[in-house]
Number of protein chains: 2
Amino acid sequence: MPPFAAGIDLGGTNIAAGVADLASSRLVSTVSRPTGRGRPWEAIARDMAAAVREAAAAAGLDPGQLAGVGVGIPGTCDQRGTALYVTNLGWTSLPLGPFLSRELGLPVRLSNDANCAVLAEGAAGAAVGYRDVAMVTIGTGLGSGFLIGGRLFEGGWGAGAEMGHMVIRSGEGPVCNCGRQGCWEVFASATALIRQTREAAEANPHSLLWQQWGGKLDQIDGRTAFDAAAQGDPVARQVVDRYLWYLGEGLVSLVNIFRPQILLLGGGVSAQGEALLAPLRRRLAEDCYAGSLVPIPRLAVAALGNDAGILGAALLLNPQSTVL
Amino acid sequence: MPPFAAGIDLGGTNIAAGVADLASSRLVSTVSRPTGRGRPWEAIARDMAAAVREAAAAAGLDPGQLAGVGVGIPGTCDQRGTALYVTNLGWTSLPLGPFLSRELGLPVRLSNDANCAVLAEGAAGAAVGYRDVAMVTIGTGLGSGFLIGGRLFEGGWGAGAEMGHMVIRSGEGPVCNCGRQGCWEVFASATALIRQTREAAEANPHSLLWQQWGGKLDQIDGRTAFDAAAQGDPVARQVVDRYLWYLGEGLVSLVNIFRPQILLLGGGVSAQGEALLAPLRRRLAEDCYAGSLVPIPRLAVAALGNDAGILGAALLLNPQSTVL
């Protein structure tokens, strides 16, 4: 089999594509073009195919020299290449894989974007050398990906590993986009942190949070509470502490279920580094099941950033990469 | 390798052992003797070795003809054969595997009893023919076991798959034996159902529950609320409905994480059959992530009963049986 494959990281804003050397797990070219959300899905899919041709050319290859194309999608897909449920793009049950396969004359494999990210981190990022790896991506939603024995675990029909839709506070909080109430994602995503920060600012007119952001609540982001807490604002400190509690609550359950050797955090909020990691490490040591007798996973920030999605998608073409 | 292995199901009350034909996944002999809880652990371990010799003799075999011995323990162990944490027996970090191995001159492998049960159900019980299987054992605690791609998933260090210690109601309810508050086990084990039934009886002196059981609250068991509900007691109906809600809350999360093709319930409460399964099937169909687009697992009761523990323990000796 040829040692190169293409990967596509399909986002709501951009189609990022590249060619990876499967032997070394390195990207040899990357390209990007706008997704153009709202267009017919076939138009977006044709642009995905064009991005693959462009990435191949940039790598000095003909598309026919590729082992195939992997696609990381921000949603749920199955192992036949159907994009089942992509909220961001309003897609339901579209035959994206078969369409791309016909366009390019290549095998195509789809997976969730969080699955691609952990595959890349395991091959060339922060989890190199570890066999059992969990990664939680803290963004608009809460994505999760798992390597078991060095291979990607996608769940039956390729549709599992949706740890963000594990309930941690049954019947509480805003209703999740999955329809349940109490999902981890609703308490611990970046979206949740922003909501919690805004609510605290509005409820506390004497806080630094309100003084700095009261007039521009819509500009509050995932950094705001961490920044204000670092400046000594007790209200912001409370927001951060409560957010870390929610995040830790799910991470402890994740450890009890998967017991990975390393647990990576990715997404925007993970840029907080030690302000995030240090309290979570204490939490894991205190609360994981049989924590004094069984090792606690190493907790670290993911290393590859946005490239993880492209590289991991390409690595789906490695036949040894998946558990199922 | 010889086609026979011994399995031991170590319980708080009995040591049940047997010899299994690995090729057909059938038990060819079983024996049982009291655990004698409270004795030094080496005395219990020597009786475990004696039970293996007895089971081998009953099968017409010499222990030396066995491929090895598998042990299912009601707690956490590691892959070196250390019994790390067995609450029921008060054991912490004991070298049970190496001890048995020296006693018998055979390879010994330990795993959690819920792991053994799912391995047996997959090989010869209710999950034959399924590759991705989850099993939840509803007993004193809430045990869980998983097959992924037909192989046993134990988690890193052999210490994962502890789904009972996933928090579903953060910060609520009695403190779990793991030290956290809100664990699924505390709301959905048989112990939890009994507690909920007693509390409802005490709080409702006009209920059938109180009339039948008020004088003997300590005799309430996991059947009581189901029986009284079937007799039309609205208080018991409420206990059952709320219990099923808690049980379903964790099962939906389990499906979102593992997406098995089949989900088995075992343990005493599973004897309720359709009274338990029918409402849970509706719940899974309504609440699982992308439930209208991705298949919902089949829900069924485990088939092998107590033999599952012995058979599954023996099957640990099949080198193809585990994921890690």
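Residues numbered from 1 in each chain as written. Chains lettered and ligands numbered in written order. Predicted model: local features only at pLDDT ≥ 70, side-chain atom pairs only at ≥ 80, totals over all residues. Heavy atoms only, no water.

Help me get a handle on the packing of helix α8 (residues 234-258) of chain A against helix α9 (residues 274-287) of chain A, residues and values and all.
Residues and elements named next belong to chain A. The geometry of α8 relative to α9 is characterised by a closest axis approach of 9 Å and an angle of 50° between their N-to-C directions. The pairing of α8 with α9 is recorded here as oblique in orientation. For α8 against α9, the interelement crossing comes out right-handed. Here α8 contributes Leu 244, Trp 245, Leu 247, Gly 248, Glu 249, Leu 251, Val 252 and Val 255 to the contact with α9, which in turn contributes Ala 275, Leu 276, Pro 279, Leu 280, Arg 283, Leu 284 and Asp 287. Its residues placed into classes, the contact of α8 with α9 shows eleven nonpolar, one polar and three charged. (Axes fitted to C-alpha atoms, helices over the stretch in contact; angles between N-to-C directions. Helix = DSSP H or I, 4+ residues; strand = E, 2+ residues; numbered from the N terminus. Parallel < 35°, antiparallel > 145°, perpendicular 65-115°, else oblique. Left-handed = near helix turned anticlockwise from the far one by under 90°. Contact = heavy atoms within 4.5 Å. Nonpolar A, V, L, I, M, F, W, Y, C, P; charged D, E, K, R; others polar.)

Pulling in residues and values, what's your account of the interface of chain A and chain B?
A common way to express how large an interface is: the accessible area buried when the components associate. Contacts between the two partners involve 47 residues from chain A, matched on the other side by 47 residues from chain B. Together, the buried faces of chain A and chain B total about 4200 Å²; carbon and sulfur atoms form 63% of this surface. The interface formed by chain A and chain B holds two salt bridges in total. Two residues, Arg 180 of chain B and Glu 249 of chain A, come together in a salt bridge whose shortest N-O distance is 3.3 Å. Inspection of the chain A/chain B interface yields 23 residue pairs in polar contact (both at pLDDT 80 or more). Counting only elements with at least two residues in the side of chain A that touches chain B, the list comes to β6 (83-86), β7 (91-94) and α8 of chain A. Here the side of chain A that touches chain B takes seven residues from α8 of chain A, the largest share from any one element. Per-class residue counts for the side of chain A that touches chain B are 24 nonpolar, 15 polar and eight charged. (Buried area = accessible area lost by both parts, 1.4 Å probe. Salt bridge = Lys/Arg side-chain N within 4 Å of Asp/Glu carboxyl O. Polar contact = N/O pair within 3.5 Å; in protein donor to acceptor, adjacent residues only side chain to side chain.)

An account of the domain arrangement of chain A is needed here, citing residue identities and associated values.
Residues and elements named next belong to chain A. For chain A, the assigned domains are domain 1 (4-122 + 307-315) and domain 2 (130-301). Averaged C-alpha coordinates put domain 1 and domain 2 at centres separated by 27 Å. On the side of domain 2, 20 residues touch domain 1, which itself brings 16 residues to the contact. Note on domain 1 versus domain 2: buried area summed over both sides is about 1300 Å², and carbon and sulfur give 56% of it. Two residues, Glu 154 and Arg 109, come together in a salt bridge whose shortest N-O distance is 2.8 Å. Scanning the region where domain 1 abuts domain 2 turns up two residue pairs in polar contact (both at pLDDT 80 or more). Of all the elements in the fold, those that place two or more residues in the side of domain 1 that touches domain 2 are β5 (76-77), β8 (108-112) and α3 (113-124). Top contributing element to the side of domain 1 that touches domain 2 by residue count: α3, with seven residues. Looking at the side of domain 1 that touches domain 2 residue by residue, the class counts come to seven nonpolar, six polar and three charged. (Domains from an automatic or database assignment.)

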